[in-house]
Amino acid sequence: MKDYFRNIYQAIVTILIGMGVTFRHLFVHAVTIQYPHVKRELPARSRQKLFVNIDDCIGCFQCARACPVDCIMIETVKAGKDEDLGETSNGQKKRLHVVKFDIDMAKCCYCADCVFPCPTECIYMTPDYEFATYDRNSLLLHFAKYSPEQVKALHERQEKEALAKAQAAKIKAAAGTKKPESET
Amino acid sequence: MEPIIKVFFNFIPALADLPNWLAVTLIGVVLAVGTFLYIAVFTLFGVWLERKISAHMQDRLGPMEVGGWHGWAQTIADTIKLLIKEDIVPEKSDRFLYKFAPYVVFTAVMAAFAVIPWSKKFIPANLNVGLLYIISISSLGVIGILMGGWASNNKWSLYGAMRSAAQMVSYEIPVSLSLISVILITGTLDMQEIVYRQSGTLFSWNIFHYFPFAFLAFIIYFIASLAEANRTPFDLPEAESELVAGFHTEYSGMRWAFFMLSEYANMFVVSAISAVVFFGGWQAPFGFLNFIPGPIWFLGKALILVFVQMWIRWTLPRLRVDQLMYTAWKVLTPFSFALVLFIAFWKVL
């Protein structure tokens with residue numbers, strides 16, 4: 001009997017305490033951030049969308065090799081002897097045409113392993129995280145500035161040069177059979 | 001209904017020329033449509049308010065987008081969505097009962113509006129057994145819920161319906177007994193008369209005039225009416241975490257909306273009854289506030305009680321079935337019986 005009344009008393013008191021808590025919270029400022037209208041600033045080193053400053057890229061493939069999911073695809077063509085591709089912003093000479101620099105953000109795991117090996121610091125993470133699309137293919141980012149015609153021309157030139165080199169090597173080899181091999 | 005008919009005749013004299021049966025039917029239809037519109041608007045407002053209150057009690061914001069100011073049009077958008085939704089009837093359900101159930105539930109709730117006194121003049125049907133009528137009509141709803149649960153041919157629906165039957169039948173008793181104790185005090189079943197007996201200031205309202213007893217009766221009535229209206233902490237018939245949605249699991253679109261309408265209308269009805277029976281109905285708390293019309297006082301009192309219902313909903317967790325039965329049979333019923341006996345003796349002596 002004593003327990004019965006104590007239970008009732010406790011039920012009433014605890015319900016009133018709980019109602020007090022909820023009533024106080026009715027006037028507490030909401031913690032919600034109304035996302036599309038109000039955006040929280042991300043930390044300075046947050047890792048979101050990748051970006052490549054292609055003008056600084058020297059086509060060294062270090063980022064592509066570091067990538068654990070192979071989402072960076074690079075193609076390069078050697079510059080001609082008389083061609084000057086300029087310098088990167090930290091003073092390295094560019095010796096290669098970077099004809100293709102694609103990053104598949106659908107594959108990217110945001111580890112930023114590609115950022116650290118870059119000798120010219122041209123690949124880095126930006127704080128932009130709003131790049132959802134309706135088509136998975138549009139997550140494939142193209143950074144190279146070469147048009148398909150230019151790429152074709154460069155490839156043809158490279159092939160021609162290779163052919164010429166091979167022929168030259170053949171001639172050299174034919175001429176050099178009499179000589180004993182000294183180098184390489 | 002006579003005062004209302006007189007008011008209508010005053011407004012539209014042409015009605016008096018019609019045969020009596022036609023005029024009465026027309027007035028009845030107008031009143032019913034008005035009640036339905038009121039229920040619809042109250043539900044829109046109530047759902048919005050509930051979402052806002054629940055959100056703010058949990059330090060959230062709730063709907064904020066639709067309509068501009070604090071998402072006021074959110075429930076209107078929801079209603080449009082419900083209207084254009086597909087009406088699914090399960091293949092192996094009892095089609096007639098399935099389609100009929102929401103209307104039974106809704107009619108039972110809406111019928112209670114007939115005897116609610118809004119002001120000195122406006123009470124749709126001034127029955128001399130108004131309170132008895134409400135007690136009896138509000139137990140009809142459980143039939144509709146059982147129909148819906150059984151006809152859905154779904155175990156969750158059936159469980160929900162069975163629970164609701166057990167719950168509503170048990171909680172009828174404390175509801176009736178706590179109202180009976182007030183009937184003993186006022187000595188009438190007439191809703192309008194109950195309000196008149198409480199005229200004066202705040203302290204002549206039943207709840208304060210007969211302080212400990214009527215207050216206890218109010219607490220018992222309030223707890224039991226939460227169970228009657230299937231509100232948390234007694235929302236076992238539609239316990240989301242166990243029964244998907246309870247008796248209305250299979251319902252969609254407008255039929256589901258009718259269950260929702262009746263739930264919110266029921267909230268209002270039980271609050272309106274306690275406003276009438278315990279808080280002096282449409283009477284102002286003090287004489288000098290009489291210039292504010294009665295319906296505003298009545299609505300205000302009812303809405304405050306609706307707010308308390310929502311407040312409790314977002315404070316307490318759901319009871320277990322055995323705790324529910326314990327509360328009804330071992331706590332509320334004995335207390336209300338004791339109260340009735342005590343008040344009866346006191347009245348006789």
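Our subject is the structure that appears above.
A brief structural summary. (Residues numbered from 1 in each chain as written. Chains lettered and ligands numbered in written order. Predicted model: local features only at pLDDT ≥ 70, side-chain atom pairs only at ≥ 80, totals over all residues. Heavy atoms only, no water.)

### Re the overall build of chain B
Part 1: A count of helical and extended segments in chain B gives 15 helices and zero strands.
Part 2: Here the C-alpha atoms of chain B give a radius of gyration of 21 Å, agreeing with the 20 Å that 2.2 N^0.38 yields for 349 residues.
Part 3: Projected onto its principal axes, the C-alpha coordinates of chain B cover approximately 55 × 55 × 40 Å.
Part 4: Burial statistics for chain B: of 349 residues in total, 53% are counted as buried. (Helix = DSSP H or I, 4+ residues; strand = E, 2+ residues; numbered from the N terminus. Rg over C-alpha atoms; globule rule 2.2 N^0.38 Å. Buried < 20%, exposed > 50% of the residue type's maximum accessible area, 1.4 Å probe, protein only.)

### Digging into the sheet that holds strand β5 (residues 140-142) of chain A
Residue and element names in this part refer to chain A.
Part 1: Across the sheet, which stays open at both edges, the three strands sit in the order β2-β3-β5 with antiparallel pairing between neighbours. Every interior strand has two partners, whereas the edge strands, β2 (72-78) and β5, have only one. Each neighbouring strand pair of the sheet contributes to a mean axis angle of 15°, computed without reference to strand direction.
Part 2: Here helix α3 (residues 148-176) sits on the sheet and contacts β2 and β3 (96-104); the angle it forms with β2, its principal contact strand, is near 55°. (Pairing = 2+ DSSP bridges. Axes fitted to C-alpha atoms, helices over the stretch in contact; angles between N-to-C directions. Contact = heavy atoms within 4.5 Å.)

### Thoughts on the pattern of salt bridges
Part 1: For the structure shown, the criterion picks out twelve salt bridges over all chains.
Part 2: For R157 of chain A, the salt bridge goes to E161 of chain A, with nearest N and O atoms at 3.7 Å. Separated by four residues within a single helix, R157 of chain A and E161 of chain A lie in helix α3, roughly one turn from each other.
Part 3: We classify R157 of chain A as partly exposed; its relative accessible area is 27%.
Part 4: Relative accessible area serves as the criterion here: at 40%, E161 of chain A is assigned to the partly exposed category.
Part 5: E50 of chain B serves as the salt-bridge partner of R313 of chain B, at 3.5 Å between the closest nitrogen and oxygen. Pair noted here: R313 of chain B is in helix α14 (residues 294-313) and E50 of chain B is in helix α3 (residues 20-57), with a separation of 263 residues, a long-range link. The burial state of R313 of chain B is the same as that of E50 of chain B; both residues are buried.
Part 6: Residues joined by salt bridges that share partners form a network here, namely E50, R231, E263 and R313 of chain B. (Salt bridge = Lys/Arg side-chain N within 4 Å of Asp/Glu carboxyl O.)

### Here we look at helix α5 (residues 95-112) of chain B
Residue and element names in this part refer to chain B.
Part 1: In a regular helix each residue adds 1.5 Å, so 18 residues correspond to 26 Å; α5 covers 28 Å between its end C-alpha atoms and thus fits that length.
Part 2: Those residues of α5 that fall on the buried side of the exposure criterion are Y98, A101, P102, V104, V105, F106, A108, V109, M110, A111 and A112.
Part 3: Among the structural elements, α3, α6 (130-138), α7 (141-151) and α13 (253-278) are those in contact with the buried residues of α5. (Expected span 1.5 Å × (residues − 1).)

### Quick word on the packing of aromatic side chains
All names here are of chain B.
Part 1: Using the criterion set out here, one finds 36 aromatic pairs over all chains in the structure.
Part 2: For the ring pair F213 and F342, a centre distance of 4.9 Å and an interplane angle of 40° mean the geometry is tilted. With F213 in helix α11 (residues 211-228) and F342 in helix α15 (residues 321-348), the pair connects residues that are 129 residues apart, well separated along the chain.
Part 3: A relative accessible area of 24% means that F213 is categorised as partly exposed.
Part 4: Assessed through its relative accessible area of 44%, F342 is described here as partly exposed.
Part 5: Aromatic rings pair up to connect Y38, F42, F113, W118, F268 and F298 into one cluster.
Part 6: A cation sits over an aromatic face here: K155 above W156, 5.5 Å from the ring centre. (Phe/Tyr/Trp six-rings, centres within 6.5 Å; stacked < 30°, edge-to-face > 60°. Lys NZ or Arg CZ within 6 Å of the ring centre and 35° of its normal.)

### Some details on the interface of chain A and chain B
Part 1: Each partner contributes to the interface: chain A provides 17 residues, whereas chain B provides 20 residues.
Part 2: Sorting the residues of chain A by area buried against chain B places Y4, M19 and L26 of chain A first, and these three jointly supply 33% of that buried surface.
Part 3: Counting every contact that joins chain A to chain B gives eight residue pairs in polar contact (both at pLDDT 80 or more).
Part 4: By residue class, the composition of the side of chain A that touches chain B is ten nonpolar, seven polar and no charged. (Buried area = accessible area lost by both parts, 1.4 Å probe. Polar contact = N/O pair within 3.5 Å; in protein donor to acceptor, adjacent residues only side chain to side chain. Nonpolar A, V, L, I, M, F, W, Y, C, P; charged D, E, K, R; others polar.)

### A few points about the packing of helix α8 (residues 155-186) of chain B against α15 of chain B
All names here are of chain B.
Part 1: Here α8 crosses α15 at 15°, and the two axes come no closer than 9 Å. With respect to α15, the element α8 is oriented roughly parallel. When the axes of α8 and α15 are compared, the crossing they make is left-handed.
Part 2: Grouping the amino acids of the contact of α8 with α15 by side-chain chemistry returns 19 nonpolar, seven polar and two charged. (Parallel < 35°, antiparallel > 145°, perpendicular 65-115°, else oblique. Left-handed = near helix turned anticlockwise from the far one by under 90°.)

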